[in-house]
Amino acid sequence: MGLSRGLDDDRSGDQTYQKATSVPDFVPVVEPGTDWRKFRARLTYFYQAVILLLDHGPDGSYGIILNRPTQYKVSQIKSTVHELLSLFSDNRLYMGGDCGDTAMVVLTHRDDIEGVTQVTEGVYHHNVHGAAAAVAAGAAEPADFRFFAQYAGWAPGQLEEECKSGVWFCTAASPALTLNAELSNGRAMWHAVLQVMGGDHARVSDIVSEVERRDLRAATARLQQQQQGMPEQECTAAFDGALHPAEVLEIRTDAAGKKQYYVHFMDCDKRLDEWVHADKLLPPNSNISRLESVPSLALGCSGELQADGQKITRRLKRRLEDTHHVPGHLDDSKDHAGPEKEHAERTKVKNVQVVEYGRYEMDTWYYSPYPEPYASCHKLYVCEYSLKYFRKKATLLRHLAKLEARHPPGDEIYRSPPPPASNPGASSNAVANPPIAVFEVDGKANKVYCQNLCLLSKLFLDHKTLYYDVDPFLFYVLCEVDADGYHTVGYFSKEKNCQDNYNLACILTLPCYQRKGYGKFLIAFAYQLSHLEGRPGTAERPLSDLGAVSFRSYWTRQVLDVLRDCRGDISVQDISDRTMMMPSDIIETLKQLNLLQYWKGSHYIAANPKVVEEYWRIYSGAGGRWLEVDLKCLHWQPLTTGPGRPK
């Protein structure tokens, strides 16, 4: 393959590099450091680029940028092989680099096509003529191929110097990421690779992601303000000390006679709204340092350029939010549009600011309809056993002194297994330290307790609207157990007679107990109950932003677990029978993993064992601890439609 030049401006003349017989398996990724800014100033399309290195040796190196889709289709290319390229009318054209004006690199995941050359495990190199011949013969589909115009090249020793200077990170190539359709559209792949690398690299991704989300929301908010003729304001936020575009929702006068403003930071989630004094509010400052703008190709907008000042339509805004995982986008369906809008207007200003709960004090996130005079309190005191709420701590202490039942009402249906005698402090698989227990509480039989649970959870769930009508629901309350009693840490609710196959209505882990694996445990517990009922289920919609992340993580792990154990063909229904997941959730998960392929008019699961193992390695180590449900410790039977449940 011929290379015209490397990457620096002082490059030597054209050089021709012979393809090596052994291709090293590593992917350089642009680092967001000081050197990166200089590098980006020269070649903006290398910003957050992921490059698959096709050849590296003493004569030089070359590769292709994997995550730079253009606005063009392959069939639009003016070429001497236009007739061949017309077969790929729907294939997106990717920009592979800045070298080789007439070069076209073709990649595929198919190893059964004649003439392919292996680049790395699960990734194969082909040419235009070979790809066209395979499609014309019916041996492959156009979607099996990805086309890259030009490539990136380095002179001898140049790539090594750039790596030493911090321009690139290097890591092993992952077949699960290289041709993943969900990650090929811009920066998503860059973040995914850094997350797989872990450690400091993952932290770099986390920091950049937060800045990107903040600036994206800020830019969208400013455009919306301009379109609506709203005055712009900025406010110094308490959570990071930085200025953010803000909207004033309410004004009040404090005890000292000073005005306070309740502001919503338009680039942040509603849970960060707060009361501020006038000195925190400022007119917009155009000199505030922001993350530099990036090429539109890196935004994942299907390669379509976005001109400055372009109107942000609902469709474009949703596409941007989905690409960047912006919190707040839940469900635009008409079924929820009216109630959601009314609910948002009624609850836009949170009332209770702080909750003291056991040995923890938690800042609240959202409005909760506590009755007066409790709703007007700055701080509420909540009993972690009965969930009763008080305005004064002295009243709470008197309540605790008289309290006898230090556990939720209802039946204890699960207690985590004890640790092995040889290691009493062990905490692994289903063994929890401290031990955990699950109670089933009937909303009709224990109405006051369940109403108190709903009021408490509403402080941390924005889209929960159930407060008092708890009769049709069962509540599964998770507790940590110690010598003092059963401390409620979270719960999920479930409708007794649901006709929509929902196995879970609302779910919450209290903030002071989060990041311990309890949320995933509650989801797994709900699906274990579905197993015992013998029917698949799913979560009630709409999902909150945090709930959607948790469920997608659980679904992905379950699907991969089944595919790892599979020997032979498997269908979506087979996976549903084993996991009790709804087929629609399984299909969506397979699409995200790029494991659902189209072949001769129908879809099939393309579960290459090596690719599945690679995904498993990525997802099994992500998201912290997974606390499993020990079925031997679960004592429960499905609810009957008769007079009661069999004992």
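What counts and what doesn't
- Residues numbered from 1 in each chain as written.
- Predicted model: local features only at pLDDT ≥ 70, side-chain atom pairs only at ≥ 80, totals over all residues.
- Heavy atoms only, no water.
- Pairing = 2+ DSSP bridges.
- Helix = DSSP H or I, 4+ residues; strand = E, 2+ residues; numbered from the N terminus.
- Patch = residues over 30% accessible without salt bridge, like charges linked within 9 Å, V, L, I, M, F, W, Y side chains within 5 Å.
- Areas by Shrake-Rupley, 256 points an atom, 1.4 Å probe, with all protein chains shown as cover.
- Salt bridge = Lys/Arg side-chain N within 4 Å of Asp/Glu carboxyl O.
- Lys, Arg positive; Asp, Glu negative; His and termini not counted.
- Charge placed at Lys NZ, Arg CZ, Asp CG, Glu CD.
- Buried < 20%, exposed > 50% of the residue type's maximum accessible area, 1.4 Å probe, protein only.
- Axes fitted to C-alpha atoms, helices over the stretch in contact; angles between N-to-C directions.
- Parallel < 35°, antiparallel > 145°, perpendicular 65-115°, else oblique.
- Contact = heavy atoms within 4.5 Å.
- Nonpolar A, V, L, I, M, F, W, Y, C, P; charged D, E, K, R; others polar.
- pLDDT = per-residue confidence, 0-100.
- Left-handed = near helix turned anticlockwise from the far one by under 90°.
- Phe/Tyr/Trp six-rings, centres within 6.5 Å; stacked < 30°, edge-to-face > 60°.
- Expected span 1.5 Å × (residues − 1).

Attention shifts here to the sheet that holds strand β19 (residues 360-363). Sheet architecture is open: four strands sit in the order β19-β18-β20-β21, paired in mixed fashion. With one partner strand each, in any of the chains shown, β19 and β21 (389-390) form the two edges of the open sheet. As paired elements, strand β18 (residues 354-357) and strand β20 (residues 379-382) share four bridges and run parallel to each other. Its bridge partner being in β20, Val 354 is matched across the sheet by Lys 379.

Below, the discussion takes up the pairing of strand β9 (residues 117-120). Relative to strand β10 (residues 123-126), β9 runs antiparallel, the two being bridged by three bridges. Bridge pairing in β10 places Thr 117 opposite His 125.

This part is about a positive patch on the surface. Judged by side-chain charge, Arg 391, Lys 392, Arg 398 and Lys 402 come together as a positively charged surface patch. Along the polypeptide, Lys 392 turns up in the loop between β21 and α10 (393-402). For Lys 392, a relative accessible area of 56% puts it in the exposed group.

The strand order β16-β15-β14-β13-β17 describes an open sheet built from five strands, whose pairing is antiparallel. What marks the edges here is a single partner per strand, and that holds for β16 (274-277) and β17 (281-282).

To continue, consider the packing of helix α13 (residues 545-565) against helix α15 (residues 583-592). As a packed pair, α13 and α15 sit with axes 10 Å apart at the nearest point and diverge in direction by 85°. Judged on the interaxial angle alone, α15 and α13 are roughly perpendicular. Contacts between α13 and α15 pair Arg 552, Trp 555, Thr 556, Val 559 and Leu 563 from the former with Asp 585, Ile 586, Thr 589, Leu 590 and Gln 592 from the latter. Residue classes in the contact of α13 with α15 are distributed as five nonpolar, three polar and two charged.

Low pLDDT means the predicted atomic positions in that stretch should not be read closely. When pLDDT is averaged across the protein, the result is 77; 74% of the residues are at 70 or more. Segment residues 642-647: pLDDT under 50, and eleven contacts once partners within four positions in sequence are set aside and those in other chains are kept.

Here helix α14 (residues 572-579) crosses α15 at 115°, and the two axes come no closer than 9 Å. Taken together, α14 and α15 sit at an angle that is classed as roughly perpendicular. Where α14 crosses over α15, the handedness of that crossing is right-handed. Here Val 572, Gln 573, Ile 575, Ser 576 and Thr 579 of α14 lie close against α15, whose contacting residues are Pro 583, Ile 586, Ile 587 and Leu 590.

Within the structure shown, the criterion is met by 21 aromatic pairs. Ring centres of Phe 439 and Tyr 486 lie 5.3 Å apart, and the angle between their planes is 85°; on these two criteria the pair is classed as edge-to-face. Here the residue Phe 439 occupies a position in strand β23 (residues 436-442), and Tyr 486 occupies one in strand β25 (residues 485-495), the gap between them amounting to 47 residues. Take Phe 439: its relative accessible area is 3%, and that puts it in the buried class. Centroid distance Tyr 476 to Phe 492: 5.0 Å. Interplanar angle 20°. Geometry classified as stacked. Here Tyr 476 is found in strand β24 (residues 473-482), whereas its partner Phe 492 is found in strand β25, with 16 residues between them in sequence. Residues Tyr 476 and Phe 492 agree in their burial class; the two are buried.

Under the definition given, this model contains 17 salt bridges. The shortest N-O distance in the salt bridge between Asp 462 and Lys 270 comes to 3.3 Å. A residue pair is termed long-range when its members are at least 10 positions apart, and Asp 462 in the loop between α11 (447-458) and β24 and Lys 270 in the loop between β15 (259-265) and β16 qualify at 192 residues. Neither Asp 462 nor Lys 270 differs from the other in exposure class; each is buried. With a closest N to O distance of 2.7 Å, Asp 442 and Lys 496 form a salt bridge. In this pair, Asp 442 is assigned in strand β23 and Lys 496 in the loop between β25 and β26 (502-504), connecting sequence segments 54 residues apart.

The first and last C-alpha atoms of helix α16 (residues 609-620) sit 16 Å apart over twelve residues, in line with the 16 Å expected at 1.5 Å per residue. Among the residues of α16, those classed as buried are Val 611, Val 612, Glu 614, Tyr 615, Trp 616 and Ile 618. For α16, the elements touching its buried residues are α5 (175-178), α6 (187-197) and α13.

What follows deals with the side chain of Ser 386. Tracing the chain through its elements places Ser 386 in the loop between β20 and β21. The class of Ser 386 is buried, set by a relative accessible area of 13%. Not counting chain neighbours up to four residues away, the residues in contact with Ser 386 comprise His 399, Tyr 449 and Asn 452.

The amide bond that connects Asn 433 to the next residue, Pro 434, takes the cis arrangement and shows omega of 5°. Relative to the helices and strands, Pro 434 is located in the loop between β22 (411-415) and β23. Arg 541 connects to Pro 542 through a cis peptide bond whose omega is 5°. Along the chain, Pro 542 falls in the loop between β28 (538-539) and α13. Phi at Arg 515 takes a positive value of approximately 65°, unusual for a residue other than glycine.

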